[in-house]
Every structure is written in structure tokens, then in C-alpha cells.
Amino acid sequence: MNTKAKERSQIKVITGNAAAAIGAKLARPDVVAAYPITPQTEVIEQISSFHASGEMDCELITVEGENSAMNAVMAASLAGGRVFTASSSWGLVFMYDAILATAGARAPVVMVNVNRETPGIIAVSSGQQDMISTRDSGWIFLIAENCQEVLDLVLQAYRLAEDYDIQVPVMVHYDGFYLSYLSEVVDVPFQEDVDQFLSVLKDQPQRTTLKPGKKLGCGSHGILGGYLELRHKHVTAMERSKAKFDQIDKEYEEIFGRSYGGQIEKYKMDDADVVLVGSGSMCGTIKSVIDEKREQGIKIGLLKMRMYRPFPSEKMIAALKGKKAIGVVDRSLNFGFKGGPIYTELKSFESKLEGAKLVSFIDGIANTDITKENVGKMIDMTGDLANGKDVQEVTWVSYPEAQGGI
Amino acid sequence: MSEVRFHGRGGQGVVTTSKILANAFARTGQFGASFPMFGFERRGAPVTAFGRFSDKPVREKTQIYYPDVLVVLDPSQQNSDAVFQGLLPDGMMLLNSSEKEVDVSHENLKKLGVVDANKIALEEIGLPIPNTVIAGAFAKLTGLLDIEPVANALEDYFEGSKLEGNIVCAKRGFEEVALYEF
Amino acid sequence: MTEKKKAKLTPVLDYLKHEDPFAKGVAFCPGCGLELLLRFIPQVMGNDIVITGTPSCSAPVLLGQNNQSWHKLSYFGTLMTGAAANATGLARYYKKAGIDNTVVCFNGDGTAADIGFGNLSGAAERNEPFIYICYDNEGYMNTGVQKSGTTPYGATTTTTPFGAASKGKNLRRMNLALKMAMHKIPYAATATLSDLGDLAKKLLKAKEMKEKGFCFLHVFAPCPTGWGAAPDNTIEICRRAVKTNYFPLWEAENGKIRMTKTIKKPKPVKTYTELMKKFKFMDEEDHKILQDDVDYEYCILGGLSVLEAECQLPLPADE
Ligand SMILES: Cc1ncc(C[n+]2csc(CCOP(=O)(O)OP(=O)(O)O)c2C)c(N)n1
Ligand code: SF4
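Residues numbered from 1 in each chain as written. Chains lettered and ligands numbered in written order. Predicted model: local features only at pLDDT ≥ 70, side-chain atom pairs only at ≥ 80, totals over all residues. Heavy atoms only, no water.

Digging into the sheet that holds strand 1 (residues 50–53) of chain C
Backbone hydrogen bonds are what pair the strands of a sheet, in a parallel or an antiparallel way. Residue and element names in this part refer to chain C. What counts is decided by this rule: DSSP bridges decide pairing: two strands pair if at least two such bridges lie between them. We count a stretch as a helix when DSSP gives it H or I for four or more residues in a row; a strand needs E for two or more, and each element gets its number in order from the N terminus. Only C-alpha atoms enter the line fits that serve as axes; for helices the fit covers just the stretch in contact. Angles between N-to-C directions range over 0 to 180 degrees. Contacts are assigned to residue pairs with any non-hydrogen atoms lying within 4.5 Å of each other.
In spatial order, the strands read 2-1-3-4-8-7-9-10; together these eight strands make up an open sheet with mixed pairing. Two strands in the sheet have a free side with no partner beyond their single neighbour: strand 2 (74–77) and strand 10 (256–259). Ignoring which end each strand starts from, the neighbouring axes of this sheet average 20° apart. In this sheet, strand 10 lies alongside strand 9 (residues 250–253) in antiparallel orientation, the contact comprising four bridges. Among the inter-strand pairings, E253 is bridged to a residue of strand 10, identified as K256. The sheet strands contacting helix 8 (residues 196–209) are strand 4 (131–136), strand 7 (187–192), strand 8 (215–220) and strand 9, and the helix crosses strand 7 at an angle near 160°.

Description of the site of ligand 1
The criterion, for reference: To be near a molecule or strand, a residue needs just one of its heavy atoms within 4 Å of it. We call two N or O atoms a polar contact when they sit within 3.5 Å, provided that within protein one can donate a hydrogen and the other can accept it, with sequence-adjacent residues counted only if both atoms are side-chain atoms. Note on areas: Shrake-Rupley with a 1.4 Å probe; residue coverage comes only from the protein chains shown.
Residues in contact with ligand 1 amount to 22 residues; listed here are only the nearest, E66 of chain A together with G110, Y135, N137 and N142 of chain C. Proximal residues around ligand 1 fall on chains A and C, making this an inter-chain site. Take G110 of chain C: an N or O atom from its main chain is 2.7 Å from an oxygen atom of ligand 1. Between Y135 of chain C and ligand 1, the recorded distance is 2.6 Å, taken from a side-chain N or O atom to an oxygen atom. The protein chains hide 98% of the 580 Å² of surface that ligand 1 would expose on its own. No other element matches helix 5 (residues 109–115) of chain C, which puts four residues into the shell around ligand 1.

Section: the environment of M80 of chain C
Assignment of secondary structure puts M80 of chain C in the loop between strand 2 and helix 4 (83–97). Between the C-alpha atom of M80 of chain C and that of N170 of chain C, which follows or precedes it by 90 residues, the distance is 26 Å. M80 of chain C has contacts with Y35 of chain A together with T54, P55, G110, T111, I115 and G116 of chain C, leaving out every residue within four places of it along the chain.

A look at the side chain of H71 of chain C
Residue and element names in this part refer to chain C. Looking at the element boundaries, H71 is found in the loop between helix 3 (59–62) and strand 2. Among the polar contacts listed, one links the side chain of H71 to the backbone oxygen of L62, at a separation of 2.7 Å. In terms of polar contacts, H71 uses its side chain to reach the backbone amide nitrogen of L73, at 2.9 Å. Excluding residues that lie within four positions of it along the chain, H71 makes contacts with P21, F22, V61 and L62.

Some details on the site of ligand 2
Put simply, the test is: Charged residues are taken to be Asp, Glu, Lys and Arg, nonpolar residues to be Ala, Val, Leu, Ile, Met, Phe, Trp, Tyr, Cys and Pro, and polar residues to be all remaining types, Gly included.
Surrounding ligand 2, one finds nine residues, the nearest of these being C29, C32, C57, C223 and P224 of chain C. Nearby residues place ligand 2 at the junction of chains B and C. For the shell around ligand 2, the class distribution of residues is six nonpolar, two polar and one charged.

Notes on empty space enclosed by the protein
Residues and elements named next belong to chain C. This is how it is decided: For cavity detection a 1 Å grid was placed over the protein atoms alone, and a set of points counts as a cavity when a 1.4 Å probe fits there but cannot get out; an open set counts as a pocket when protein lies on both sides within 12 Å along at least five of seven lines, with lining residues being those that have an atom within 4 Å of a point. Grid points are joined across faces, edges and corners, and a volume is the space filled by probe spheres set on the points.
Across all of its chains, the model carries four cavities of 30 Å³ or more by this definition. In this structure, the largest cavity spans a volume of roughly 140 Å³. Taken together, 16 residues make up the lining of the largest cavity; nearest its centre are R173, N175, H218, F247 and E297. Across the lining of the largest cavity, the residue classes break down as eight nonpolar, four polar and four charged.

Observations concerning the interface of chain B and chain A
By a widespread convention, an interface's size corresponds to the accessible area lost as its parts come together. Definition in use: Simply put, the buried area is the total loss of 1.4 Å probe accessible area from both parts when two parts are fitted together. When a carboxyl oxygen of Asp or Glu is within 4 Å of a side-chain nitrogen of Lys or Arg, the pair counts as a salt bridge.
Facing the 22 residues of chain B at the interface are 28 residues of chain A. Where chain B abuts chain A, roughly 2,100 Å² becomes buried across the two surfaces, and 60% of that area is made up of carbon and sulfur atoms. A per-residue breakdown of the area chain B buries against chain A is headed by F38, R59 and K61 of chain B, which together make up 38% of the total. We note a salt bridge from R59 of chain B to D291 of chain A, for which the minimum N-O separation is 2.7 Å. Sorting the residues of the side of chain B that touches chain A by element identifies helix 1 (14–27) and strand 2 (31–36) of chain B as the ones contributing at least two each. Counting residues per element, the side of chain B that touches chain A draws most heavily on strand 2 of chain B, at six residues.

A few points about the domain arrangement of chain A
Residues and elements named next belong to chain A. Put simply, the rule is: Throughout, the edges of the domains are those of an automatic or database domain assignment.
With domains assigned, chain A is organised as domain 1 (2–259) and domain 2 (264–402). For domain 1 versus domain 2, the distance between C-alpha centres works out to 28 Å. On the domain 2 side, the residues contacting the 31 residues of domain 1 number 32 residues. Taken over both partners, the interface formed by domain 1 and domain 2 buries close to 2,400 Å², and the fraction arising from carbon and sulfur atoms is 48%. Considering only the side of domain 1, the residues that lose the most area to domain 2 are R135, E145 and K242, jointly responsible for 26% of the buried surface there. Run the count over domain 1 and domain 2 and you get nine salt bridges. Between R135 and E345 there is a salt bridge, with the nearest N and O atoms lying 3.2 Å from each other. Linking domain 1 to domain 2 there are 19 residue pairs in polar contact (both at pLDDT 80 or more). Contributions of two or more residues to the side of domain 1 that touches domain 2 are made by helix 6 (129–133), strand 7 (140–143), helix 7 (147–161) and helix 9 (227–256). Here the element with the most residues in the side of domain 1 that touches domain 2 is helix 9; it accounts for seven residues. Residues that form the side of domain 1 that touches domain 2 fall into these classes: 14 nonpolar, seven polar and 10 charged.

As C-alpha cells, then:
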């Protein structure tokens, strides 16, 4: 992260959930609809209290279930409103049909998803499986590392989703428990700065909206004319969103003094032989282990994925090609494939990585903690691979019982 | 960086203690991060929280396995193995206890602070919630920060007469904690 | 205990024919109404029920945690979104396989009245052969006290908090039990913990009536933690809910309503609300709105039960 000296700031110690709620408040949405679920609940509780105190002037819909939340904000968005919702795990997947429809309608919805596991109905632990389960929905996915980034990404998400050239819904993901409940120092932006940052959206052409008397229908696409064109336009808009996101990140720095590198953040990558690829809160831990390892003379760096959909292929290839070995850390599973989801996707670019070797690490799922020891282990194994040793393709770092590379 | 693990029970304000301290560190221009261990929350269930305090931004997002400081709000856990697990050499412990002579021992324990936080809290806010007394005592025991930022931090968690009472709690914790060195 | 009290209690004890399958100290808050109900059900209906439960306050105990369980019943952990459909699947298979069964689909108001109402209504319409019990603590307690469709007017929750622009929930609660009775299912009833004999009778009746199809029980179960009430006031709260007609006790066979307890001189609803902090921001005007709502619902119920005597509803022919 780059930070510029600023004349003024508003330092608060708040949780990731509070950061998301404050981000939403600062964006001045017209309609918010949400349903509580651990570990997201605090987001809607905070918004409810902003609403009750009059600090937030929005239509607040305390729906009877998440499916209604997504349907309500999708429609409000198509009618022309700025909207927000938040969910997690079972709640997110209970929105699934509406998530697909929202993307299909190109409604610029912004939401946060607080990552949580989904194997059992009360699996209350961190993990990105919910993100993977909704990956192919046509949304833009962004991932935050810390509470500050949660807040910053919510604001950036509005710029991206509502950009006239993009108009694709954006989901900001952050790790349940590790970030949702983490209280840490956050520099809360001032309202007038946020207003300025978002004002660009008002200066662009008006997007098509459903208004009374406009003789315009929506939601009926998908048969005959225009369907294929629509699909293709969606895909190209997602492609465009990559560069747009980089640009928004830069503009953000001009106003707020912080930028993160856009689609990916590179940490000590330039001279690194060995690289870990990660996303979310684990990256903070990885950075601190990298600093320790560097003191021992190990040339290791981190590539943090901030954008997961669209996949930042070009940036990743440019940053990773020519490295000796790359360890990809996944906080989720790719059922039917041996390696984790991000690993599997990166593997498809292997031929472009100029000989860099890849290994997959699975950790931080099913109630396990990505500890500093575990990160050290991953770095050592990736280092071994770089040095020509035989390393199994997939390692479940917290589960030594897993044998033979699965 | 100092890594602190908090042990207590639901209803004692364990998580709030760790938040108040993170907040207090931020007020001195330093950095603090705290988060609870998760599980089903119920009044009376054991609760663990983690705090990292440093003059540099805190990046680690993992539980604490090797604490420098233990803060025990629930005296019944004072000698449990789970509490002492991983305590680093020259470790410190802050204990909420009404006992005149407490019996805690561990090879790595260098400094111990004991305060009857429930009693002080009862006297000042009328409730046996020890968290703010403990936050004040933490400042004294560790010497990592002064009482002022701790007292100031309370304004983000309490209002009105509760705020005033809790400020007194924190100050009394700072004054009245008994310190022992081993 | 005085002889009189004992004599009064004995009939209830007579209903407790089976052992309490739950461990002694379980993870509910002190004074939790849900705990009482959950222990009561298998003691009356038998330990051979198959019980389903959702993520909710019942989950830590009913569903256990990973491989530890707090009771000896057969249980099935369902999603909030599909509880009644899960129970349908169980009951239909048992029927097909000729297995004797009592499937109890046990849910909070969050599942029953809100997120899972669609499939509850569907199961009722199809007259599925199981018993649905909703324990109503008037909110989502497990996630930290948010409002639900049964949260009453004036109550504060974390999603209907007090603030400069809000005094608590500003809408009246829905009447879930009446809605279910209107599905004209074989049996629907309300019950609560101050009237255990009545509750026991209704549980047994449901067990019998489920041979004819879908049975629904709505049990008012106070939550001291979420309502801001003293843990030792749980039963008193139930008693006053009944005595003020805030929660009238009735049953309906095939949609025909009959009061099972009538209150001669109902007390003002204020004598009920004063026991809980969740109502503390209500002024006289708010109390009037709540009182009017209570009177209105009671009037409808009364009207329906009178009508029952007058119209002869055609009953579905027995198989
Ligand atoms: C689809 C889905 N959304 C949200 C949740 C989160 N959640 C868990 S328990 C709960 C509240 C349940 O309320 P209720 O059924 O009334 O039971 P109570 O907690 O009051 O016992 C919620 C919303 C969930 N488990 N699944
Ligand atoms: S929160 Fe309420 S319903 Fe849940 S266990 Fe506690 S008292 Fe019972």
C-alpha cells in the first residue's frame, strides 16, 4: 500500500464490519436491503443504527431473507438507485438466482460478502468457499486484506460498478472473523472527500433506468434477438474493468492518500526468486513472515490478488514470469481438481510463466488458522521447489494426514 | 510488538477490553489490533481474545500462540494450562482476583499484576464487569502506555454516567493494581 | 410446596411419560424459554421422535457442535431456508418405507415466519405428515437480537433500534398461527410455558392428528437475554401474555378455531410490556397502538371461533 502524507485524517479503531458499514454510509446509497448472518450481522446492525439516528438517509429494507435482499436491491438499482447489501455463506448462496439475474441485468449493485465456510449448516468459520461458489456469476470480485482496505474497496466498488463503461455488479469480499471482528486502526474518509470522489459518476451519461412513463421494459432478455450480443458485451465490460480498477485506485490516492496497486499488490516482488500468491487477510501474515525470511537472505515476495473476477491474468503473468517457483495459497477447495481454485486457474497460464514452477497450498479452511509457522512452511516448500527438489503438487498445510499430494 | 492474549467469560467484557487497549494505542499514534476467538457466544461461556500492540502497523491476521502478556479476567482460569500455553520468557500476567495472596506460577512468568477488578467495578458502576479496570491496570503493569489514552479511549465505548464511572474504574485499576516480580 | 400447588402440578407431571433426553447443563442462557420447551417436547411425545433444527439458539444444543451432542434424540440439521421441505422429505420416505415416525420440525420464528415461510406454507398446503413447532422468541436471537416478522410493535432490536429517527419497530407483528390455521390443516394451535397442561395436550393431539396430515404448533417462548427481562420472570411473562390476550391460547382443527383458555377480564397490555426492557421507549400512544392490535386480533379470533359454531365447514373425507 502507498500512503501519502495528508493534512488531516480521522483515525478510528473499528472492525472490518464497521468499516464496511461506514463505507456504505459514506457512499450515500438510496436503498439498503439486508438480512443478518454471522459474521456479517454487525454490518446491518450498524447501518440500522445510522438509519435510526438519522445519519443515514436511505430506504432500509429489513427483508425476511437474503433472496429478497438481492432481488430488492437489483430492482432498485435498475430503477436508477444506488444500492447496498451485505451477506455471507448460506445467505450469499440463498441469493444465488438473484445474483445471476443481477449480473445478467447489468445492475450496478455493490455488496460486501464476509467470507465463511459452507459445509455444514452451522459451520461458523472462515474460508472463501462461498466466494468460489458464486465465482461464475458474472460479478466483479474484489478482496480486502485489512479493515482499511474493506472501507476503501467499498468506495472504489461504487466507482467501478456504476461507471458507464462497466455497469457490472461488484462484490467486495473480506475474511469472516479475521477481518469482520478485527478491531484495528482505520483512517475514515471525510464525507466531502467521498462526495468528490464519487461525483465523477454524476458527470457521465445517464445509464438506462426503469422509470414510470418511459415505455421501457427490462428483465425479458434471453430469448432470440440480442442475447448473444448481451453476453459478449458483459464479458468485454468485465475485461475493461481491469484497467478501470487500476485507474480508480490511482484517483483514490489523489484524494485519500492511499493506493494499493489496482488489480494486484506486489510485496517485495522485484528481486524475489520465490513468490507466494495469496488473497485476503492471510496476506498481512504472509508479509510479516516474508520480512523475517528476508532477514535470513531468502528472496521471497508476495503477489496479493485484490481483484479475483475478472482474473487479472496479464498483470499476474507479467509479475510472475521468470520467477523460480510460485506457491499459491487457497482458502477454499476446487472440488474435482486436486489443487485450490486460484492455483488451478494460474496453472492454465503456466506456459507463459517462462519456466516458473507452481505448487498449491490449501490452508485456512474448516476452522484452521493460517499461522506464521504455516506460512514459513509454505515458503520453505516453495523454496525447495525453486532449488530443484521434489515437492508434492498439493499440500493441505494444517492437515499432515493428507498424503500423496491431495 | 507486544502480543497479548485475553481470557475470560461471556459477559465480562473480554473483547471490549482488547478493543479499548487497541484504541488507546491508536491515540498515542501507535497501532493496535484485536479480535476475539470465535464460537457460540453465551453468557458465561469461556471467551478468548487476542491483541497486538505496536509502534508499527500490525499486519498479522492470525491467532496468538506465543503471547508476551496474559490478561485473565476470569480468576477460575488462572492456573489452567490453556491460559499459560505458549507464554514467552519474561512473560507478564494481569489477573483479576479478590484473593489477597494469589497462587499462580509458571517458569516464564516474570511479572504479575493483581487487581480486584470486580470489586472496583461494583463500587463505581454498580456491576461486576471488570473490563475497564483491567484496561487501566494493563497500562500500569506493562508500562506500554499511560493511563490518559486508556481513559480517553473509553469515550468510544460508553456514554454519559457510564462513561464517567468507567473512567474512574480505569484510573483505579491503574492505581490499585499490585505488582509482583519473579 | 403446598398441597394445593402440588395437586395443581400433578396433572402436568403425569404428561411427562418419557425421560429428558438432554444433558443437564446445556448452552442456553439462564431462564431461556426455548430450553424449557425443548426439554418438554420429548418428555411428552417420546424420545423416538426425529427432530429437525436450524441455525438458531436451539442449534448449539439440538445440533451439537461437530462431533459432540447434548442429547439422545435422532436429529437433522436443516438450513433455515428449507426446514419444512427437509422434514417433508423425511416424513414422506418413512411413509413409503412403512416406518412408524413422528417427525418434529422445530424452528424459531425467524425460520417459520420469515425466511422459511414459503416452504412451510407449501408443506401445509400439501398436508405433509409431520409436526411443525415454532418457538416464538419474537426475533433472531442467535445472531444477536434482530427483528423478525413476529417482533411486536414498539420493541427495540438491533435492526429496529432506538434513535433520533426511530423508537423501535414501527410495524405490528404478523399472526403466524392464524395464518397457518387458514391453510385449513388438520391441526393448528398456540401454546405457552405458563400453561404446561395445555401445551402437553396440544403436543399429544398433534401427534395423533399428524396421521391425518400437517400439524402446526406456535409456542410463545420468552428470551430473557434478547428481551431485557429477568431470567426468573420467564413464566410470569408467559402468564401475563396470556392474561392480557397478547398471546391467546386456542386450537384449530381443519381451520375451525376454538379458544382453549378464555380470559374473563383481560389486563391491559402494559402489565405485560412493563416486564421487559425492549418496550421501554414506548409512550402512551405507542401502548395504545399495541393495545389496539391485541384487541383487534383477539376480536378476529373470537369472531372466528363463534362462526365455527354457526357454519358447518365441509370436512375432507377420511381416507
Ligand atoms: C440463509 C441464512 N441466512 C441467515 C442465517 C443466519 N442466522 C443464523 S441463526 C439466525 C436467526 C434465527 O432466528 P430464529 O429462527 O428466530 O431462531 P432464534 O435465533 O431466535 O432462536 C440467522 C438469521 C442462516 N443461518 N442462514
Ligand atoms: S438468547 Fe434468548 S432464546 Fe437464545 S438461548 Fe439466550 S435466552 Fe434463549
